[in-house]
Structures are given as C-alpha cells and as structure tokens.
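The lines below spell out each chain.
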Amino acid sequence: MMQRRPIIGGNWKMNTNLETGMALASQVADAASTAKGCDVVIYPPFPALQAIDSVISSSPVTLGAQNFWPEDCGAFTGEVSCEMLTDLCVTSLLIGHSERRHVLHESDVLIAKKVDFAIRMDFQVVLCVGETLVQREAGNTLEIVLGQVQSGLESVKHDSMKNIVIAYEPVWAIGTGKTASAEDAQAVHSAIRQELASRYDDDVASSTRIQYGGSVKPDNAKELFACSDIDGALVGGAALSGESFAAIIEAAC
Ligand code: PGA
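Residues numbered from 1 in each chain as written. Predicted model: local features only at pLDDT ≥ 70, side-chain atom pairs only at ≥ 80, totals over all residues. Heavy atoms only, no water.

### Considering the overall build of the protein chain
Summing up its helical and strand segments, the protein chain has eleven helices and eight strands in all. For the protein chain, whose C-alpha radius of gyration is 17 Å, the value lies close to the compact-globule estimate of 18 Å for 253 residues. When its C-alpha atoms are laid out on the principal axes, the protein chain stretches across 45 × 45 × 35 Å. Burial statistics for the protein chain: of 253 residues in total, 53% are counted as buried. (Helix = DSSP H or I, 4+ residues; strand = E, 2+ residues; numbered from the N terminus. Rg over C-alpha atoms; globule rule 2.2 N^0.38 Å. Buried < 20%, exposed > 50% of the residue type's maximum accessible area, 1.4 Å probe, protein only.)

### Here's the deal with the packing of helix H10 (residues 218-225) against helix H11 (residues 242-252)
Running from amino to carboxyl end, H10 crosses H11 at an angle of 20°, the nearest separation of the two axes being 9 Å. Between H10 and H11, the angle falls in the class roughly parallel. Between H10 and H11 lies a crossing of right-handed hand. Taking contact as the criterion, the partners of Pro218, Ala221, Lys222 and Phe225 in H10 are, on H11, Ser244, Ala247, Ile248, Ala251 and Ala252. For the contact of H10 with H11, the per-class residue count stands at seven nonpolar, one polar and one charged. (Axes fitted to C-alpha atoms, helices over the stretch in contact; angles between N-to-C directions. Parallel < 35°, antiparallel > 145°, perpendicular 65-115°, else oblique. Left-handed = near helix turned anticlockwise from the far one by under 90°. Contact = heavy atoms within 4.5 Å. Nonpolar A, V, L, I, M, F, W, Y, C, P; charged D, E, K, R; others polar.)

### Remarks on the site of the ligand
Around the ligand, a shell composed of 13 residues is seen, among which Lys13, His97, Glu169, Gly175 and Ser215 lie nearest. One nitrogen or oxygen atom from the main chain of serine 215 is found 2.7 Å from an oxygen atom belonging to the ligand. At 2.8 Å from an oxygen atom of the ligand is found a main-chain nitrogen or oxygen belonging to glycine 236. Protein contacts shield 96% of the accessible area of the ligand, which totals 280 Å² for the unbound molecule. Here the residues of the shell around the ligand are counted per class, giving four nonpolar, seven polar and two charged. (Near = heavy atom within 4 Å. Polar contact = N/O pair within 3.5 Å; in protein donor to acceptor, adjacent residues only side chain to side chain. Areas by Shrake-Rupley, 256 points an atom, 1.4 Å probe, with all protein chains shown as cover.)

### Focus on the packing of helix H1 (residues 18-34) against H11
At a closest axis distance of 9 Å, the pairing of H1 and H11 adopts a crossing angle of 25°. Relative to H11, the element H1 lies roughly parallel. Where H1 crosses over H11, the handedness of that crossing is right-handed. Where H1 abuts H11, its residues Leu24, Gln27, Val28 and Ala31 lie against Gly242, Glu243, Phe245, Ala246 and Ile249. Here the contact of H1 with H11 is built from residues that sort into six nonpolar, two polar and one charged.

### Topic: the packing of aromatic side chains
Summed over the entire model, instances satisfying the criterion amount to two aromatic pairs. Ring geometry for tryptophan 69 against phenylalanine 76: centres 6.1 Å apart, planes inclined by 40°, an arrangement best described as tilted. Judged by its relative accessible area of 25%, tryptophan 69 is partly exposed. The lysine or arginine in question, lysine 114, covers the ring of phenylalanine 68, its NZ or CZ lying 5.5 Å from the ring centre. (Phe/Tyr/Trp six-rings, centres within 6.5 Å; stacked < 30°, edge-to-face > 60°. Lys NZ or Arg CZ within 6 Å of the ring centre and 35° of its normal.)

### Some points on the state of the cysteines
A complete count under the given rule lists one disulfide for this structure. Cysteine 38 shares a disulfide with cysteine 253; S-S distance 2.2 Å. You can see cysteine 38 sitting in the loop between H1 and strand S2 (39-43) and its partner cysteine 253 sitting in the segment after H11, a full 215 residues away along the chain. Residue cysteine 253 is classed as partly exposed on the basis of its relative accessible area of 40%. (Disulfide = S-S within 2.5 Å.)

### A short note on the nonpolar core
Core analysis: the biggest nonpolar cluster contains 73 residues, and Ile8, Ile42, Leu153, Ile192 and Phe225 have the highest contact counts within it. Ile7, Val41, Val126 and Leu234 belong to the second-largest nonpolar core, a separate cluster that totals nine residues. (Core = buried A, V, L, I, M, F, W, Y, C linked by side-chain atoms within 4.5 Å.)

### Thoughts on H10
Of all the residues in H10, the buried ones are Asn220, Ala221, Leu224 and Phe225. Buried residues of H10 fall within an arc of 130° about the axis and therefore sit on the same side. H10 presents Asp219, Lys222 and Glu223 as exposed residues on the side facing more than 90 degrees away from its buried surface. Each element contacted by the buried residues of H10 is listed here: strand S1 (7-11), helix H8 (182-199), strand S7 (209-213), strand S8 (232-235) and H11. (Arc of directions from axis to C-beta.)

### Section: the pairing of strand S3 (residues 62-65)
Across two bridges, the pairing between S2 and S3 is parallel. Note on S3: the bridge partner recorded for valine 41 is threonine 62. You can see the chain leave S2, run along helix H2 (residues 49-56) and come back into S3, and the turn it takes is right-handed. As paired elements, S3 and strand S4 (residues 90-95) share three bridges and run parallel to each other. (Pairing = 2+ DSSP bridges. Right-handed = clockwise from strand over helix to strand, strands pointing away.)

Put into structure tokens, the structure is as follows:
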C-alpha cells in the first residue's frame, strides 16, 4: 500500500493576537522540528501572517491562509489576493471550510472557482467537505460529501491533484467536542478515495491525502490516525494550545 505522509493543519480561525500568535507559532515550530514524519501547516489570521512567517521560516512548518478572493486584483473591498499571500510566503489555502460554506454562505460554484484559481497560482489547496447533522441523520452523508468533492474538483486535472489535500470535516463535529467515530470517519474517507479512483485513477486515489477534522484532540488523534485512509488532521480548537497541537503532531508522526 502507498505510504502517504500525514499532514497536520492548525486552523486558528479568528483567534489569537500578534503576541499570542507569535508565541503559539514558536511552540509549533519546536514541535514540528522534532517530528520528522509529517507535514505541519498553520493557518493564522491574515494580520499576523507576516510576523508569524518570521517565527517559522527556519522550521519545517509551512504557512497557510484561511481565505482569499479568486481574482488577480481590483475593486474587491476587504478581500485578499493570491499574489498578496505569495508575498507573505503563504503556500497553502483552505477552501470550502464549513464556516465559509454555512456561516459566510459560500456556494459550490464559488468554491470550485477558488480551487481552480488557487491551483493555477500554484498553491496547495485543502478542500474541506462535510455533511451537517440533518444530512447525516437523513442518511445523505455520502451523497453530500462526494457531491462536494466532485464539484470542488470540477476543473482540477490529474496532474494538479498532487497539490490537493481533502479535509473531511463533518459539520456537526466542528468545535462541538463531538468526533465521528474512527470507524465512521474511515468509511467516509474510503468512499472519497473510491471517488478519486473513478474520477482520476488508482494512483491519484492512493496518493491524495485525506485529513479528518472535527474536534480532533490529543486523546482521540491516535485512534483516528490508525485508520488506513486517514492521513492526518485539520485541527481548530486544539491547535490554539501549543501543547495539544504538539501532542497531535506527535500522534501522526
Ligand atoms: P475543531 O475545528 O477542531 O475546533 O473542531 C476543526 C476545523 O474547523 O477545521
């Protein structure tokens, strides 16, 4: 079986200030320097990106952004372009996170446009997908999740799949303390991998990393990472503590 390198992302959302963010980034840099077996990416808020890059630049941690607008430049008040993020050494972008889908009402069409734009600008894209509780209880998990995968990857060609990571994050598990059981998460990850095999081929299916996200903590990380189709985690709440995030990194490496 193909060995995929786990990837652990820390999505800080709208948390931290310059001082606490820099201190947290320094703890993450220390943790990643001793954990050689996985990739570590952090997604701080925009205003801290430049300062945080200076903290992590000589460590293995890479810098990501939580959002961007898929146009080169122009009259888009309040938005940030890919070129601006490249200037700040950002190499990874979150797209389709459940808070952007459900709180900020981003559509599948906008998400597909963002994926296409970011791939053309040479970023790593973390495409987040996941069902709500109502959808899960109605038995529609796979239909929703695979539909989001299909529409998010609409324009992505075989050769660009090396720059795609998929994050399966059941909406009902994000920030709630509820985690999908390792068995339930594995079943969805495996279905996503089958979808990649039929959409692309077995090479893409076996080499694409699929992270799990939704209340990942040091005490459930090991069990999730032991599943054959789970290649790391996208972490929110537990990424705001250097100690917890370091323990999750250690569990993956
Ligand atoms: P959580 O967030 O770990 O706090 O559930 C995960 C995410 O939103 O990516």
